[in-house]
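Structural description and commentary
Read off the chains here:
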Amino acid sequence: MVLTANDKANVKAIFCKIGPHADEYGAEALDRLFTAFPTTKTYFPHFDLCKGSAQVKAHGKKVAAALVEAVNHIDDIAGALSKLSDLHAQKLRVDPVNFKLLGHCFLVVVAAHNPAALTPEVHASLDKFLCAVGNVLTAKYR
Amino acid sequence: MVHWTAEEKQLITSVWGKVNVEECGAEALARLLIVYPWTQRFFSNFGNLSSPTAIAGNPRVRAHGKKVLTSFGEAIKNLDNIKATYSKLSELHCDKLHVDPENFRLLGDILVIVLASHFGRDFTPACQFAWQKLVGVVAHALARQYH
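Residues numbered from 1 in each chain as written. Chains lettered and ligands numbered in written order. Predicted model: local features only at pLDDT ≥ 70, side-chain atom pairs only at ≥ 80, totals over all residues. Heavy atoms only, no water.

1. Quick notes on the overall build of chain B
The condition that has to hold: Secondary structure counts use DSSP, requiring at least four H or I residues in a row for a helix and at least two E residues in a row for a strand, with both numbered from the N terminus. Taken over C-alpha atoms, the radius of gyration is set against a globule rule of 2.2 Å times the number of residues to the power 0.38. When accessible area is computed with a 1.4 Å probe and restricted to protein chains, residues below 20% of their type maximum are described as buried, those above 50% as exposed, and intermediate ones as partly exposed. Working rule for contacts: check all heavy atoms of both residues, and any pair within 4.5 Å makes them a contact. Only the protein chains shown count as cover for residues, and all accessible areas are computed by the Shrake-Rupley method using a 1.4 Å probe. None of His or the chain ends enter the tally, which takes Lys and Arg as positive and Asp and Glu as negative. Here the site of a charge means atom NZ of a Lys, CZ of an Arg, CG of an Asp or CD of a Glu.
When helices and strands are counted, chain B shows 8 helices and 0 strands. The globule rule puts the C-alpha radius of gyration for 147 residues at 15 Å, and the 15 Å found for chain B is close to it. Along the longest, intermediate and shortest principal axes, the C-alpha atoms of chain B span 45 × 40 × 20 Å. Burial statistics for chain B: of 147 residues in total, 49% are counted as buried. Considering only contacts in chain B between residues 6 or more positions apart, those separated by 24 or more positions represent 73%. Of the accessible surface of chain B, which amounts to about 7,300 Å², a share of 55% is contributed by carbon and sulfur atoms. Put simply, chain B has 16 plus and 13 minus side-chain charges, and the middle of one group is 4 Å from the middle of the other.

2. Side note on the environment of A:A27
Positionally, A:A27 belongs in helix α2 (residues 22–36). C-alpha of A:A27 to C-alpha of A:S85: the two residues are 58 residues apart in sequence and 21 Å apart in space.

3. Some remarks on the interface of chain A and chain B
Which entries qualify depends on this criterion: Two parts placed together each lose some accessible area under a 1.4 Å probe, and the buried area is that loss summed for both. Residue type decides the class: Asp, Glu, Lys and Arg count as charged, Ala, Val, Leu, Ile, Met, Phe, Trp, Tyr, Cys and Pro as nonpolar, and the leftover types, Gly among them, as polar.
Between chain A and chain B, the contact holds 21 residues from the first and 20 residues from the second. Taken over both partners, the interface formed by chain A and chain B buries close to 1,700 Å², and the fraction arising from carbon and sulfur atoms is 65%. For the side of chain A that touches chain B, the secondary-structure elements that each account for two or more residues are α2, α6 (97–113) and α7 (120–138) of chain A. No other element matches the 7 residues that α6(A) contributes to the side of chain A that touches chain B. Along the lines of polarity and charge, the residues of the side of chain A that touches chain B split into 12 nonpolar, 5 polar and 4 charged.

4. Description of the side chain of A:S53
Residue and element names in this part refer to chain A. Under the convention used in this document: Whenever a nitrogen or oxygen atom comes within 3.5 Å of another N or O atom, the pair is scored as a polar contact, on the condition that within protein one atom can donate a hydrogen and the other can accept it, and that pairs from neighbouring residues in sequence are kept only if both atoms are in side chains.
Looking at the secondary structure, you find S53 in the loop between α2 and α3 (54–72). Given the relative accessible area of 3%, S53 is considered buried. One polar contact links the side chain of S53 to the main-chain carbonyl oxygen of D48, over a distance of 2.6 Å. Within the structure, S53 has its side chain in polar contact with the backbone nitrogen of V56 (distance 3.1 Å).

5. Some remarks on helix α1 (residues 6–16) of chain B
Spacing of three or four residues puts side chains on the same side of an α-helix, whose turn is 3.6 residues. Residues and elements named next belong to chain B. For the record, the criterion: Throughout, the arc means the angular range of directions from the helix axis out to the C-beta atoms.
The set of residues buried in α1 consists of E8, L11, I12, V15 and W16. The buried residues of α1 all sit within an arc of 125 degrees when viewed along its axis, so they share a single face. Exposed residues on α1 whose side chains face more than 90 degrees from its buried face are A6 and E7. Tucked into the core, α1 has its buried residues touching α2 (21–35), α4 (59–77), α7 (102–119) and α8 (125–143).

6. Some remarks on the side chain of A:S85
Here A:S85 is to be found in helix α5 (residues 82–92). Ignoring sequence-local partners within four residues, the contact set of A:S85 consists of A:V136, A:L137 and A:K140.

7. Examining the pattern of salt bridges
All names here are of chain A. How we decide: Salt bridge, as applied in this entry: a Lys or Arg side-chain nitrogen positioned within 4 Å of an Asp or Glu carboxyl oxygen.
The tally for this structure, following the rule as stated, stands at 12 salt bridges over all chains. Its salt-bridge partner being D31, residue K51 comes within 3.5 Å of it at the nearest N-O pair. Here K51, found in the loop between α2 and α3, pairs with D31, found in helix α2; they are 20 residues apart in sequence, far enough to count as distant.

Okay, structure coming up:
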């Protein structure tokens, strides 16, 4: 799976639109992840996962920042997220299936807030991008 | 048998009541074929699927999308017996259509995204939970008769 020039343009454009709301989207994606897919909560036993949790907000901000970093270095996502990739492989060891779930929830958030911007083509590009990010984060698992 | 809480049933039926089955069905199937192009393998006789625009405007895609989502409606009418509701369709998808059940999961997730785009904030996380559960149960029921 390769990101075409078109995909990269679509992803940059939608993130431009998301712009200042990236942090909120990150938090909402996590909120939806924990609510819709309760198994994902097993990775956060140390978090308060109630609605409006400050920890979830802060973590959502981190997730959003990583995605933005990947967008800003979309020609070398592996390079941009190398340290995060090490972290997930050595310390966090989140099962790979969960990156798909979070990617899906992020798409749901974008769809809910920007239905007109998430055309089928942009949807395809964003889905590919989120897959690519997930692949990078699990690349060093074994 | 799947257990549905009263809240889950309410979240499902209240959303369903506002869904335009023809539009949503068409959009969900079109997005499946666009976002996961390998799914087009099942529709080689549908005519022009050469671009997202062609797919979205393809009348056979629209018609089939409506058919698929109408069938979903049957599950919602029979939440307490989805397995039986889909038994024959499951045999059909295995024996005649030869569809990998993974495709049911893909379509289910696409449907959730389409619902989110239509209902925005009203498609709350709790709503999403109920619908993820539903699409999962439907996918499972459709795969059940596979052999």
